[in-house]
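Residue strings, one per chain:
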Amino acid sequence: MNTNDLPQRLLDAAIRWMPAERSEWGAAMLAELAQLQHPTTRWQFAWGCARVALFPPRRGGFFMNDRMKHWRITIGIATLFSLLLNGVFMFLALFSDNPEVQSGKAPIPFLDFFRNWLILTFIFTPIVSGLRAGKPMLMKHWLTTFGAAALFGLLLTAPFAFMEYWNNPVIRSGEFSFPFTLFYALWLMPTLIFLAATPIVRRLRAGESILAHPIALLLRVGFLAFVIIGWVNFLRDQMPCFLGGVPDCD
Amino acid sequence: MQRNRPPSEQTMTVLLALADNPTEWRHGYDLCQQTGLKAGSMYPILIRLADRGLLETMWESEIPAGRPPRHLYRLTEAGLALANELSEKKALAAKAKRVRLRPRLQGT
């Protein structure tokens, strides 16, 4: 093997990884390398070009392209919206049913706030994306799905909220405020279960195979199992309070 | 939609090198030698300039025997306008720097 060919082989191998839209530039770099004679110059040139071939500039990446800009703004709006919504829940949590936090005896639940913020952002991002893209069907699809999920969560949570109110005279008398944060968490979990399960149910109803994307399915089922177990344990933990008559339940 | 982020120092160097003789077709290694940039910096700049319509490209038509055709580059009208604009800004910035330095020089 002629050692002079090694830079060309290196570049040739790297160019095979280039996307088709950049193939002309790969050929251009190879043609330019063919003009160079000095071994050091050839190596330096081939090495630099191989780097470009392996990590070529994305089309429109020099100045952010439309798709990147769309998602950046979409995620920004979803983040802001969920921050505002979560802020309302946090306000209720801090000023209505948490005298210990208000008096400074208990820490402000920043971690809960952050977690809920992330979850809400995750839910709102596709809705905002549909709205911004001017795709009413996509928007309708997401709003319908999210609405149905919210309703599902509400139906599962409402009986326990009623039990909490009915079986605890201290809440009815106004001595203790209603635990909104607890029921917000209790509502959010079945809502997420519904949202995560929807694509699987849709595929099954359409007669499609749910095994087409096994890794996504595995992640989804894992998430569902995690949230369902969490929700059941949460209910079991809180059931004495819902049933009433248990002193000092928390 | 594109953001009007100012070009990097290296991009400006390439634009100004190409604007030296805007009608002439240049090749990659020639530009590397003139600007002192390595191929790993030069080609991404050329690719991005071409993406933005500031650079036109063609393959060499008259090929000397024994070597493949080279890829050639020159500025488009938009590229030349940008290069001229950047050149003027650079000159103004240099002038402003001199003006700012003058009082200090007089004081010494």
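Everything numeric in this text was worked out from a predicted model, so none of it was measured.

Definitions and cut-offs
Residues numbered from 1 in each chain as written. Chains lettered and ligands numbered in written order. Predicted model: local features only at pLDDT ≥ 70, side-chain atom pairs only at ≥ 80, totals over all residues. Heavy atoms only, no water. Core = buried A, V, L, I, M, F, W, Y, C linked by side-chain atoms within 4.5 Å. Buried < 20%, exposed > 50% of the residue type's maximum accessible area, 1.4 Å probe, protein only. Helix = DSSP H or I, 4+ residues; strand = E, 2+ residues; numbered from the N terminus. Contact = heavy atoms within 4.5 Å. Pairing = 2+ DSSP bridges. Axes fitted to C-alpha atoms, helices over the stretch in contact; angles between N-to-C directions. pLDDT = per-residue confidence, 0-100. Expected span 1.5 Å × (residues − 1). Left-handed = near helix turned anticlockwise from the far one by under 90°. Nonpolar A, V, L, I, M, F, W, Y, C, P; charged D, E, K, R; others polar.

**What to know about the nonpolar core**
- One finds M29(A), F45(A), V14(B), Y43(B), L46(B) and Y73(B) to be the most contacted residues of the largest nonpolar core, which totals 39 residues.
- When residues of this core are assigned to their parent elements, the largest contribution, seven residues, is made by helix α3 (residues 39–51) of chain B.
- Apart from the residues lying within four places of it in its own chain, the contact partners of L46(B) are W25(A), V14(B), L31(B), L55(B) and Y73(B).
- In this structure, F160(A), A161(A), M189(A) and I193(A) belong to the second largest nonpolar core, which totals 17 residues.

**Quick word on the sheet that holds strand β3 (residues 71–75) of chain B**
Residues and elements named next belong to chain B.
- If you trace the three strands from one edge of the open sheet to the other, you get β1-β3-β2, paired in antiparallel fashion. Since the sheet does not close on itself, it has two edges, and those belong to β1 (26–27) and β2 (55–59), each with one partner.
- Sheet topology places β1 next to β3; two bridges connect them, and they run antiparallel. By the bridge assignment for β3, R26 is matched with Y73.
- Sheet contacts for helix α1 (residues 9–20): β1, β2 and β3; angle to β3, the most-contacted strand, approximately 90 degrees.

**What about the confidence of the model for chain B?**
Residue and element names in this part refer to chain B.
- With 84% of its residues at a pLDDT of 70 or more, chain B shows a mean pLDDT of 84.
- Considering each helix and strand of chain B separately, the mean pLDDT is smallest for helix α4 (residues 77–107), with a value of 75, and largest for β3, with 95.
- Overall fold confidence (pTM) sits at 0.46, and the ipTM for the predicted complex is 0.82.

**Here's the deal with α1(B)**
- Taking 1.5 Å per residue as the helical rise, α1(B) with its 12 residues ought to reach 16 Å, and the 17 Å between its terminal C-alpha atoms agrees with that figure.
- Those residues of α1(B) that sit buried are T11(B), M12(B), V14(B), L15(B), A17(B), L18(B) and A19(B).

**Re the packing of helix α6 (residues 110–132) of chain A against helix α9 (residues 180–205) of chain A**
Residue and element names in this part refer to chain A.
- At their nearest, the axes of α6 and α9 sit 12 Å apart, and the two run at 35 degrees to each other. For α6 against α9, the interelement crossing comes out left-handed. Between α6, through N116, I119, L120 and I123, and α9, the contact on the second element is made entirely by Y184, L188, L192 and L195.
- Across the contact of α6 with α9, the residue classes tally to seven nonpolar, one polar and no charged.

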